[in-house]
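Examination of the molecular architecture
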Amino acid sequence: MSTENLNDLRAFARVAQEKSFTRAAAQLGMSRSGLSHAITALEERLGVRLLMRTTRSVSLTEAGQRLINTLGPMLDDLEQELKALRSFSINPAGTVRITAHDHAIASAIWPRLTPLLVKNPEITLELSVDYGLTDIVAQQFDAGVRVGNIVDKDMIAVRIGPDFRMAVVAAPAFLQGKTLPLTPGELTSYACINLRLPTHGGLYAWDFEKAGKSLSVRVAGQAIFNNTYLMLQGAIDGLGFAYVPRDLALPHIEEQRLIPVLEDWCPLLPGYHLYYTSRRQVAPALQCVINALRYQP
């Protein structure tokens, strides 16, 4: 394919997106007549009409829709590759967007990336808190973080943190006069602080494991959050039991602001892993982030 043909395809894709020759021409830095001529020449070479044009509107023909369905993703991939190539330099630069659990950001990501940002002022880091299994390609993130290394087949996973244990904790004032639960099922008789998940708006079921036996318990209470740190605060304030990473609760346990229960039932979870697509060249800024986050036991 010649450069001239590629430019015409890009021009067609922009017109198809904007549904306007005037807006597309302004974005491409072309005259409206020049853009119209380029599209006409493309249609003549292909031997098929791609656009229906009137004085008021522009719409795709069936052939035009078929072409844009194939062409759009290809141009997006090409632009990403060119962007990655342009960013190659001695000093890595650009924005790295990561979606992750708030606990992952606080415990594994931010402490190690702060020195990286100080050392590399041309790198911009955007961290987005999300409890869902985000499609990083669809949402235009460079990477995501989840517990464990099970990711889609076209992704690469890199461990960025150690395994960690969960904990069920409550404030002494809440437990006063109550019998401590001895099994996870007994939690249904107590007020508990729930976590709202973004997927279908469901509440997170608390997972437990002991002697090879696993079970999940759905709890209830007055407080529901979509943030781990607010759940922890709710427990400190005496609103009920909270199910949180043990390292998060540990300072409060040591200061006796919280009391752990069911410790022999609380599972050890596989550490956080960073995942990113394997289909594209890794930009230098992202590679710097990966290198800084890679877990070294």
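Description of the structure in this document.

Calculation rules
Residues numbered from 1 in each chain as written. Predicted model: local features only at pLDDT ≥ 70, side-chain atom pairs only at ≥ 80, totals over all residues. Heavy atoms only, no water. Helix = DSSP H or I, 4+ residues; strand = E, 2+ residues; numbered from the N terminus. Buried < 20%, exposed > 50% of the residue type's maximum accessible area, 1.4 Å probe, protein only. Contact = heavy atoms within 4.5 Å. Areas by Shrake-Rupley, 256 points an atom, 1.4 Å probe, with all protein chains shown as cover. Axes fitted to C-alpha atoms, helices over the stretch in contact; angles between N-to-C directions. Parallel < 35°, antiparallel > 145°, perpendicular 65-115°, else oblique. Salt bridge = Lys/Arg side-chain N within 4 Å of Asp/Glu carboxyl O. Phe/Tyr/Trp six-rings, centres within 6.5 Å; stacked < 30°, edge-to-face > 60°. Lys NZ or Arg CZ within 6 Å of the ring centre and 35° of its normal. Pairing = 2+ DSSP bridges. Expected span 1.5 Å × (residues − 1). Bend = angle between axes of the 7 residues up to and from the residue. Arc of directions from axis to C-beta.

Looking only at helices and strands, the protein features nine helices and 15 strands. In terms of overall dimensions, the protein has a C-alpha envelope of 85 × 45 × 35 Å along the principal axes. Of all 297 residues assigned to the protein, the portion counted as buried reaches 39%. Put simply, 72% of the contacts in the protein that link residues at least 6 apart link residues at least 24 apart. As displayed, the protein has an accessible area near 16,600 Å², and 52% of this comes from carbon and sulfur atoms.

A word on the packing of helix α2 (residues 21-28) against helix α3 (residues 32-46). Each packed pair of helices is defined by two parameters, the angle between the axes and the distance between the axes. Put simply, α2 and α3 touch, their axes get as near as 9 Å, and they point 100° apart. Comparing their axes, α3 and α2 come out roughly perpendicular. Facing α2, whose interface residues are F21, T22, A24, A25 and L28, α3 presents R32, L35, S36 and I39.

This paragraph deals with the pattern of salt bridges. Throughout the structure, instances matching the rule amount to seven salt bridges. The partner of E18 in a salt bridge is R23, and the shortest N-O contact between them spans 3.4 Å. Judged by relative accessible area, E18 falls into the buried class, the value being 17%. Close ionic contact of R53 with E43 constitutes a salt bridge, the shortest N to O distance being 2.8 Å. Taken together, the residues R53 in strand β1 (residues 51-53) and E43 in helix α3 connect sequence positions 10 residues apart.

Counting across every chain of the model gives six aromatic pairs. Between Y190 and F241, the aromatic rings sit 5.4 Å apart at their centres with planes inclined by 80°, giving edge-to-face as the arrangement. Of this pair, Y190 sits in the loop between α6 (172-175) and β8 (194-195) while F241 sits in the loop between α7 (228-236) and β12 (242-245), placing them 51 residues apart in sequence. Taken individually, Y190 and F241 each receive the classification buried, so the pair is uniform in this respect. Taken together, the ring pairs connect Y204, W206, F208 and Y243 into an aromatic cluster. The aromatic ring of F141 is capped on one face by R97, whose charged end is 4.2 Å from the ring centroid. Its end group placed over the ring of F174, K178 keeps NZ or CZ at 4.4 Å from the ring centre.

Moving on to the sheet that holds strand β15 (residues 272-277). Ordered in space as β4-β3-β5-β15-β6, the five strands form an open sheet in which the pairing is mixed. Strand pairing shows two members of the sheet lacking a second neighbour, β4 (123-129) and β6 (155-159), which therefore form its edges. The sheet shows a mean angle of 25° between the axes of neighbouring strands, taken without regard to direction. Taken together, the four bridges between strand β5 (residues 143-147) and β15 define a ladder with antiparallel strand orientation.

Attention shifts here to helix α5 (residues 102-119). Between its first and last C-alpha, α5 extends 24 Å over 18 residues, near the 26 Å set by a 1.5 Å rise per residue. Along α5, the sharpest kink reaches roughly 50°, centred on I109 and followed within four residues by the proline P111. Turning to α5, its buried residues number three or more, namely D102, H103, A104, I105, A108, I109, L113 and L116.

Turning to its location among the elements, V137 is positioned in the loop between β4 and β5. Look at V137 and you get partly exposed, because its relative accessible area is 33%. Separated by 111 residues in the primary sequence, V137 and A26 have C-alpha atoms spaced 28 Å apart.

For Q140, which is not glycine, the phi torsion reads 60° and is therefore positive. Structurally, Q140 can be placed in the loop between β4 and β5. A relative accessible area of 64% places Q140 in the exposed class. You will see that Q256, though not glycine, has its phi angle at about 60°, which is positive. Mapping Q256 onto the fold places it in the loop between α8 (246-254) and β13 (259-261).

The terminal C-alpha atoms of α3 lie 21 Å apart, and with 15 residues this matches the ideal 21 Å at 1.5 Å per residue to within 8%. Inspection of α3 places L35, A38, I39, L42 and E43 among the buried residues, and these make up the whole buried set. For α3, the buried positions fall inside an angular range of 135° around the axis, keeping them on one side. Set apart from the buried face of α3 by more than 90 degrees, the exposed residues are S33, H37 and E44. G47 sits one or two residues past α3 and shows a positive phi near 75°.

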